Amino acid sequence: MSVSELHYHCQERLMFMFKKALIILTLSSVVAVPCLAAEAHGAALPLQEKAPASAKTIIKNAAFGQEVWVMLGSPIPNGWVVIRSSGNMNLIKDMNNAPAGYEVWVMLGSPMPPGWVVIRSTGTMNLLKNLNSASSNEEVWVMLGSPMPDGWVVIRSTGTMNLLKNLNNAPSNQEVWVMLGSPIPDGWIVIRSSGNMNLIKRLG
């Protein structure tokens, strides 16, 4: 075999080996990519399974005392209060079905559920108390300007605090002295006045 023929034969063999290696490399890539994709998909499953429930889901299924973080400016569901704030988030708490007399510290400006009053304030926080289902004739001191539940009257004042009395379910013909300007519950009338006090009576 001449030198030129030998050279040509070597070139052809090298070209064949190069093409074979290229085919093997291509097939390996085709097999490897789906495997990587499958592994990546499999790795995502535990993250999806461990993902926390959304605030909407928590609120929907909440019971008394449930807490959840929501965005600042988010509407607050009925019966919930804001107990903490951090950056652009508020921590809210479900006060629906709270026991009578239950107390909770809330952020200044937090919504107040019906039947709750402010009994103390620090300037940035208010201490609320639940007067729903309170016993008849129960008395409680509240901050001046606190909401007053239906059926309660003001019987004393210090200038910064008011003493409230529960007249819900009071017996017929009961008489109570209340501060001038106190709400008069339905079914009660004023029968006497003295200075800054009114004597009210429940009709039979």
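The structure displayed is predicted, hence computed values, not measured ones. (Residues numbered from 1 in each chain as written. Predicted model: local features only at pLDDT ≥ 70, side-chain atom pairs only at ≥ 80, totals over all residues. Heavy atoms only, no water.)

Chemist: Honestly, the environment of Thr 122 in this entry has me stumped. Any pointers?
Modeler: Within the secondary structure, Thr 122 is located in the loop between β5 (116-121) and β6 (125-130). C-alpha of Thr 122 to C-alpha of Met 107: the two residues are 15 residues apart in sequence and 9.9 Å apart in space. (Helix = DSSP H or I, 4+ residues; strand = E, 2+ residues; numbered from the N terminus.)

Chemist: I keep staring at unusual backbone geometry and nothing clicks. Help me out?
Modeler: Among all residues except glycine, the phi angle is most often negative; among peptide bonds, the trans geometry is most common. At Ser 133, a residue that is not glycine, the phi angle is positive and equals roughly 65°. Looking at the secondary structure, you find Ser 133 in the loop between β6 and β7 (139-143). With a relative accessible area of 71%, Ser 133 lands in the exposed category. Despite not being glycine, Asn 173 has its phi angle at roughly 70°, a positive value. Looking at where Asn 173 falls in the secondary structure, it is placed in the loop between β9 (161-166) and β10 (175-179). (Buried < 20%, exposed > 50% of the residue type's maximum accessible area, 1.4 Å probe, protein only.)

Chemist: When you look at the pairing of β5 in this model, what are you seeing that I'm missing?
Modeler: Remark: a regular strand shows side chains that alternate across the two faces of the sheet. For β5 and β6, the ladder comprises five bridges, and the chain directions are antiparallel. Residue Ser 121 lies in a different strand from β6, and its bridge partner there is Asn 126. Taken together, β5 and the strand that follows it, β6, pair antiparallel across an intervening segment of three residues, in which Gly 123 is found at a positive phi of about 105°. (Pairing = 2+ DSSP bridges.)

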